[in-house]
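Listed below are the residues making up each chain.
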Amino acid sequence: MSRSTIAVVGASPRNFWTQCAIHNLRTLNPDLDVVPVTPTHAEVAGLPTVPGVGGLPEAPRAAVVAIRREASVEAVRELTELGTPDIVLVSDGFGERGDDLGRQLHAELIDIVSGTGTRLWGPNCVGFADFHERVCAVAEPAWLDAAAGPVSIISQSGALLSALVAAATEEHLGVDFCASTGNGALLGVAEAISLAISRATTEVICVYLEGISTEQLPVFVDAFERAREAGKQIIVLKSGVSERGGRVVLSHTASISGSDAVLSELLREHGVLRADGIDELMRLATLSLAGVKPGRPRAVSILGGSGGAAALCSDLAERHGVNLTVFADETIARIRELAGPGSFVDNPLDVIGVKRREGDESVNSRVFADPNTGLVLMPWSVQLPSDSPEQAVHTWNWDDLARLSAEHEMPLVITSMAPVPVTDWVRDYQARHPHVSVVHNLRLTFTALAKLFPALPDDEHTTGPETSDRVLSEADSRDLVEAAGTPVVRGVRVDRGDDPAAVASDLRPPFAVKIIAPISHKSRLGGVALGICSPDDLPATTKQIEASVTAAGVDPGTIDGYLVEEMVFGKEILIGLNTDPVLGKHVVVGLGGTATELANRSTTRRLPLHPDDAEHLLRTAGVTEHPAARKALTQLCEAFEHGGLADYETVEINPLIVTPTECWAADAVITRFA
């Protein structure tokens, strides 16, 4: 390999950033010619120095610059004029500081580098590493044990870069390229993603993102689409979801966190996966690299191995929403012929007393050949195999699974169910069968599988609206809730054929209009209209609602009329009362309105409530020291336990609107026992 020059500008025994950069460069590739640039030291880290950029023996392959901001701009100018391909600007104090000088210097950097062949990383970043080229120009402690591989890592945070590379290594993922973008004067996250897409050695791109500015949005969308066209998977981990997290992000990146729900929708539109943590980010990368053969269903088949493993996998699949394979009839019939009495022939499989283990007529081969299977998962409930004689059956099984995976071009994931030690045999197995993913943490595997193999929403399995004579109309439900002592928002019933404007003449706009019919999830069917500003608009609104729900399959004969309510504004919480056939009656309190499904934050208590339970439940939903809300919750629980609501199976109020001093039930659904 020819020697390449890397310049480290501002090198000093007391400069943390340059010391790290020199160590990383020399450790990953001793053949590099690392040249410290400083006028104050003749030698740094045992290397002879040059006093300035002009003293470099040749145009460097890359340069790391860590000096005061004014001087760093001039260093960037000189390095760019030399034709340096990559410059890492560690120095801070530019656009993120918010002062006039910082903005001026930021603009100068853009003018200097724009239109040249130089890539400027930063300012305020820690650099990049190319593991195929063996160049680690990272100015912080870096994880240098990463093997070259197909995963590129882009981080808006420099401090997280090394942790992300280490996490990839722990997941047995090879790293192609990684970079932190910092302020991204010219190379922001979107541009870095595009660079990774253009690399033939990159297959999956893991991204830590703090925000997307308005100006950068089209660049991100273009990068997302380029990745999809190239068949490369982007996986995003985004911070700044909470209000406090958003303030932290803005304090040091000068970007905009934006609406989290809208961002999720943007990613979904463009086929970008979203992770909820670094561990899930890397597990998603593992599963993405496993690959699903084109044309195969997005469904997971589980070789349970034991009753306990099958049961736990079934629970995790349901909890996280993983789409499980529905085996073809032929598959089930053949497995039943092979399996012994007492086997559970479904997905997850739990077969015992197998008659034949080998060849193409084994239970395993039938699963791999099943036309409805997209990925095979083997949960491993005992210690990992070793080359000891007593484990020969396990090592044979693993090798046979690898054979089937290769022959059927079927992704295979083997997941230990507990953090058990990795044996030498397993390390050798991974080297011999790189197409098989061997990972730890069953729960993590299922959270990642849910992103790649999501279960179909309930409404995609149904052919029409959910109706039941057990479901009371909202009008009847709110009457019962009010009788239990909970205030309800002012409203009136409007029978079909009546003039809603006349009936609701005493109410104050804006109005909420809801259909009265024995259906749940009214809003999904177009049965709810909000923000009606004038009574004159009510007749047209009720006609539109009826047309919408009828088109969705609701029998017009089941429509009793409409509920017109005044709209009340405040904090929205959910109160749900339910009856478990074994554990009895309980209450759930959480965020209400549209936040219920998005945030999934709730707390459950069995009835009766104990002292301070009501206050604790409300506090977890963000309501504290609110006598009216505490009274409403307590009375509802008492009525559900032994009062006017005791004869009903469920009572749901979503939302209960809470203002600084009062509260009202704005929506209620009650169901009878079956």
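Residues numbered from 1 in each chain as written. Predicted model: local features only at pLDDT ≥ 70, side-chain atom pairs only at ≥ 80, totals over all residues. Heavy atoms only, no water.

S.K.: What am I meant to see in the overall build of the chain here?
M.R.: Within the chain, the secondary structure is distributed over 22 helices and 28 strands. Scored against the burial criterion, the 674 residues of the chain give a buried share of 51%. The contacts of the chain with a sequence gap of at least 6 include a subset with a gap of at least 24, amounting to 68%. Of the accessible surface of the chain, which amounts to about 30,100 Å², a share of 52% is contributed by carbon and sulfur atoms. Side-chain charges of the chain comprise 55 positive and 89 negative groups, with the mean position of each set lying 2 Å from the other. (Helix = DSSP H or I, 4+ residues; strand = E, 2+ residues; numbered from the N terminus. Buried < 20%, exposed > 50% of the residue type's maximum accessible area, 1.4 Å probe, protein only. Contact = heavy atoms within 4.5 Å. Areas by Shrake-Rupley, 256 points an atom, 1.4 Å probe, with all protein chains shown as cover. Lys, Arg positive; Asp, Glu negative; His and termini not counted. Charge placed at Lys NZ, Arg CZ, Asp CG, Glu CD.)

S.K.: Can you walk me through the packing of helix 2 (residues 69–82) against helix 3 (residues 100–113) in this structure?
M.R.: Running from N to C, helix 2 and helix 3 point in directions that differ by 5 degrees, and their axes come no closer than 10 Å. With respect to each other, helix 2 and helix 3 are oriented roughly parallel. The residues of helix 3 that touch helix 2, namely those facing R69, E70, V73, V76, R77 and T80, are L101, G102, L105, E108, L109, I112 and V113. By residue class, the composition of the contact of helix 2 with helix 3 is 7 nonpolar, 2 polar and 4 charged. (Axes fitted to C-alpha atoms, helices over the stretch in contact; angles between N-to-C directions. Parallel < 35°, antiparallel > 145°, perpendicular 65-115°, else oblique. Nonpolar A, V, L, I, M, F, W, Y, C, P; charged D, E, K, R; others polar.)

S.K.: What am I meant to see in unusual backbone geometry here?
M.R.: For residues besides glycine, phi is generally negative; the peptide bonds are generally trans as well. Following N347, the chain continues into P348 via a peptide bond in cis, with omega recorded as 10 degrees. Tracing the chain through its elements places P348 in the loop between helix 11 (329–338) and helix 12 (363–369). Note the cis peptide between N654 and P655, where omega equals 10 degrees. Summarising the element assignment, P655 is placed in strand 26 (residues 648–658). Of note in the backbone geometry, N124 takes a positive phi value of approximately 60 degrees without being a glycine. Here N124 shows up in the loop between strand 7 (119–121) and strand 8 (127–130).

S.K.: Help me understand the sheet that holds strand 16 (residues 375–380), please; the structure alone is not making it clear to me.
M.R.: Each strand in a sheet pairs with its neighbour through backbone hydrogen bonds, running either in the same direction (parallel) or in the opposite one (antiparallel). Read from one edge to the other, the open sheet built from 4 strands follows the order 15-16-17-18, with strand pairing classed as parallel. Both outer strands of the open sheet, strand 15 (300–302) and strand 18 (436–439), are each paired with one neighbouring strand and no more. The sheet shows a mean angle of 20 degrees between the axes of neighbouring strands, taken without regard to direction. As defined by bridge partners, strand 15 adjoins strand 16 across 3 bridges and the pair is classed as parallel. Bridge assignment links I302 to a residue of strand 16, and that residue is L377. (Pairing = 2+ DSSP bridges.)

S.K.: What exactly am I supposed to notice about the environment of T373 here?
M.R.: Looking at the element boundaries, T373 is found in the loop between helix 12 and strand 16. Between the alpha carbons of T373 and A646 there is a distance of 46 Å; along the sequence they are 273 residues apart. Residues within four places of T373 in sequence aside, it is in contact with R296, P297, A299, S301, T325, F327, V367 and M410. Reaching out from T373, the side chain makes a polar contact with the side chain of S301 at a distance of 2.7 Å. (Polar contact = N/O pair within 3.5 Å; in protein donor to acceptor, adjacent residues only side chain to side chain.)

S.K.: It is not clear to me how the confidence of the model for the chain should be interpreted in this structure. Could you clarify?
M.R.: A low pLDDT means the predicted coordinates there should not be read in detail. Considering every residue of the chain, the mean pLDDT works out to 87; 91% of them sit at 70 or more. Counting contacts from residues 242–258, a segment whose pLDDT is below 50, to residues more than four positions away or on other chains yields 27 contacts. (pLDDT = per-residue confidence, 0-100.)

S.K.: Looking at this structure, I do not really get helix 17 (residues 474–483). What am I missing?
M.R.: Along an α-helix, residues three or four positions apart point the same way, because every turn accommodates 3.6 residues. When we look at burial in helix 17, the residues that qualify are E474, A475, S477, R478 and V481. Seen along its axis, helix 17 keeps its buried residues to an arc of 160 degrees; they face one direction. One or two residues past the end of helix 17 sits G485, with phi positive at roughly 105 degrees. (Arc of directions from axis to C-beta.)

S.K.: Would you mind going over helix 11 with me for this structure?
M.R.: Looking at helix 11, one finds that the buried residues are T331, I332, I335 and L338. On an axial view of helix 11, the arc spanned by its buried residues comes to 125 degrees, and they lie on one face. Relative to its buried face, helix 11 has exposed residues pointing more than 90 degrees away, namely D329, E330 and R336. As for helix 11, its buried residues are in contact with helix 12.

S.K.: I tried to follow a negative patch on the surface on my own but got confused; where do I start?
M.R.: A contiguous patch of negative charge, built from D495, D498, D499 and D560, is present on the exposed surface. Looking at the element boundaries, D560 is found in the loop between helix 19 (538–551) and strand 22 (561–566). (Patch = residues over 30% accessible without salt bridge, like charges linked within 9 Å, V, L, I, M, F, W, Y side chains within 5 Å. Salt bridge = Lys/Arg side-chain N within 4 Å of Asp/Glu carboxyl O.)

S.K.: Help me out: how do you make sense of the sheet that holds strand 21 (residues 528–532) in this one?
M.R.: Taken in spatial order, the 4 strands of this open sheet run 19-22-20-21, and their pairing is antiparallel. Each edge of the open sheet carries a strand with a single partner, namely strand 19 (491–495) and strand 21. Neighbour to neighbour, the strand axes of the sheet diverge by 20 degrees on average, direction disregarded. Bridge analysis of strand 19 against strand 22 gives 5 bridges, and the strand direction is antiparallel.

S.K.: Looking at this structure, I do not really get the packing of aromatic side chains. What am I missing?
M.R.: Aromatic rings in a pair are described by how distant their centres are and how their planes are angled relative to each other. Inspection of every chain in the model, using the stated rule, returns 9 aromatic pairs. Aromatic side chains W398 and W425 sit 5.9 Å apart centroid to centroid with 70 degrees between the ring planes, which places their arrangement in the edge-to-face category. Separated by 27 residues along the polypeptide, W398 in helix 13 (residues 392–407) and W425 in helix 14 (residues 424–432) bring together distant segments of the chain. By relative accessible area, W425 is classed as buried at 13%. Taking the centre distance of 5.2 Å and the plane angle of 25 degrees together, the rings of W425 and Y429 count as stacked. In this pair, W425 and Y429 are both assigned in helix 14, 4 residues apart and thus about one turn of the helix distant. Through a chain of ring-to-ring contacts, three or more aromatic side chains come together here, namely W380, W398, W425 and Y429. (Phe/Tyr/Trp six-rings, centres within 6.5 Å; stacked < 30°, edge-to-face > 60°.)

S.K.: Please explain the nonpolar core as it appears in this structure.
M.R.: Generally speaking, soluble globular proteins have nonpolar side chains that are buried together. Counting residues in hydrophobic clusters, the biggest one holds 47 residues, and the most contacted among them are I153, M282 and F446. Among the elements that take part in this core, helix 15 (residues 442–452) stands out by supplying 6 residues, more than any other. Excluding residues that lie within four positions of it along the chain, I153 makes contacts with L161, L164, V165, A168, V175, F177, C178, A179, C206 and M282. Membership of the second largest hydrophobic core comes to 46 residues, among which are F177, A223, I234 and V272. (Core = buried A, V, L, I, M, F, W, Y, C linked by side-chain atoms within 4.5 Å.)

S.K.: Just checking my understanding: could you explain the pairing of strand 24 (residues 584–591) for this structure?
M.R.: Each regular strand carries side chains that alternate between the two faces of the sheet. Burial analysis of strand 24 places 6 of its 8 residues in the buried class, the great majority of the element. In this sheet, strand 24 lies alongside strand 23 (residues 571–580) in antiparallel orientation, the contact comprising 8 bridges. Paired with L574 across the bridge in strand 24 is G590. Here strand 23 folds back onto strand 24, and the loop between the two strands holds 3 residues. Relative to strand 25 (residues 602–606), strand 24 runs antiparallel, the two being bridged by 5 bridges. Residue pairing for strand 25: V587 is matched across the bridge by R605.

S.K.: In this structure, what is going on with the environment of T331? I would like to understand it.
M.R.: With respect to the helices and strands, the residue T331 is situated in helix 11. Among the residues examined, T331 registers a relative accessible area of 5% and is labelled buried. Between the C-alpha atom of T331 and that of P371, which follows or precedes it by 40 residues, the distance is 8.9 Å. In this structure T331 touches R366, D370 and P371, once residues within four positions along its chain are discounted.

S.K.: Can you walk me through the pattern of salt bridges in this structure?
M.R.: Side chains that differ in charge, positive against negative, can pair when their charged atoms come close. The tally for this structure, following the rule as stated, stands at 32 salt bridges. One salt bridge in this structure joins D100 and R103, with 2.6 Å as the shortest N-O distance. With a gap of 3 residues between them, D100 and R103 both fall in helix 3, about one helical turn apart. Residue D100 is classed as exposed on the basis of its relative accessible area of 59%. For R103, a relative accessible area of 44% translates into the label partly exposed.

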